[in-house]
Amino acid sequence: MKDWILHFDLDQFIAAVEVARRPELRGLPVVVGGNDDPTQRAVVATASYEAREFGIHSGMPLRLAAKRCPDAIFLPSDAPAYLEVSAHVMDTLREFPIVVEVLGWDEAFLGVRTDDPEALAQELRQAVADSTGLASSIGIGDNKLRAKLATGFAKPAGIYRLTKENWVEVMGSRPTDALWGIGAKTTKKLAAMGMHTVGELAAADPAMLAERFGPTMGPWFRVLAHGFGDTEVTATPYVPRSRSRETTFQQDLTESEDITAQIKVLAHRVFEDVVAEDRPVARVAVKVRFKPFFTQTRSMTLPEPIASAADLEAAALAVLAKFDLDRPIRLLGVRAEFKES
């Protein structure tokens, strides 16, 4: 018997829930997001694999999705339904003698002890399929990083093992952004330093990385390239790190008083969510999407806990003042980030 970490991930979760509720949509390009009207301003929450074949992906404007696939079926988001199905899936996993660390609606790390992780993974996939009708993929690893990355190779509806033994073979020649935790901006900076692949990053001088990215993050990127990661899975209930609200406007905002009014509305809605959480807020962030589709986010650390909606409103307006609002605005958002306990 050996300890393993499995990364469980429901395939095309939101779209799959909608198809399960409407079997007649199976096999069709389904796009979920907004209020189901692709002529309105909103973005794709998720798309079925059939829709993804047309280049549709999460975060894409619905109008662009409709252009890429005019025959797609557009559906509105239904968060309560997704929460209910997610809870049922996680309860199904907990029926097994494993530790379940929920990461969100559609994924979890699983701590297991077995001599055949592939067999157990298949049992878990089958149990979820029998219980909910949903397909899933599972990555098997000797730490969380490798398990998470393995899931990408498992999709759709498969199982894949990524460990120290095959890390270099599988990951060495892949681009640095294949690593969990390295985004597009860091990838460009690494490329400018001559590091294009995971293998090249793994062989980099830690001191050089520290000089470019800082004494903490620089060496950490090299650690990721070697495939090292956390090995502890806890059953601590999933707790959101923040609460946010945002609105996409059908007509661009150009007047400062309109922008301020919308930020106030969003701040009060976020405060209602914060009160329900009953947790102290450490930071407030504001998201602005300018025309045509350029997004910026600014934030500030709070000097003291928020005690009222007026406090959150004032903080959000202070953050808004950090923006250069010289272009039409199509989206505004306010986020309250909780203090880590």
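Values in this document were obtained by computation on a predicted structure and should not be read as measured data. (Residues numbered from 1 in each chain as written. Predicted model: local features only at pLDDT ≥ 70, side-chain atom pairs only at ≥ 80, totals over all residues. Heavy atoms only, no water.)

Draft legend 1. Layout of the pairing of strand β5 (residues 99–102). Bridge count between β5 and strand β6 (residues 107–114): four bridges; the pairing is antiparallel. The partner of Val100 across the bridge, within β6, is Leu110. Between the antiparallel neighbours β5 and β6 lie four residues. (Pairing = 2+ DSSP bridges. Helix = DSSP H or I, 4+ residues; strand = E, 2+ residues; numbered from the N terminus.)

Draft legend 2. Representation of unusual backbone geometry in the model. Cis geometry marks the peptide bond from Lys155 to Pro156; its omega dihedral reads -5 degrees. Looking at the secondary structure, you find Pro156 in the loop between α6 (144–154) and β8 (159–162). The peptide bond linking Lys291 to Pro292 adopts the cis configuration, its omega dihedral lying at 5 degrees. Mapped onto the elements, Pro292 comes out in the loop between β10 (281–290) and β11 (294–301). Within the chain, Gln12 stands out as a residue other than glycine whose phi angle is a positive 35 degrees. Note that Gln12 resides in the loop between β1 (2–10) and α1 (13–21).

Draft legend 3. View of the sheet that holds β10. Reading across the sheet, the four strands line up as β9-β12-β10-β11 and stay open at both edges, with antiparallel pairing between neighbours. Looking along the sheet, the strands with just one partner apiece sit at the ends: β9 (242–253) and β11. Ignoring which end each strand starts from, the neighbouring axes of this sheet average 15 degrees apart. Judged from the eight bridges that link them, β9 and strand β12 (residues 329–338) form a sheet pairing that is antiparallel. In the sheet register, Arg245 faces β12, and the bridge partner there is Val334. (Axes fitted to C-alpha atoms, helices over the stretch in contact; angles between N-to-C directions.)

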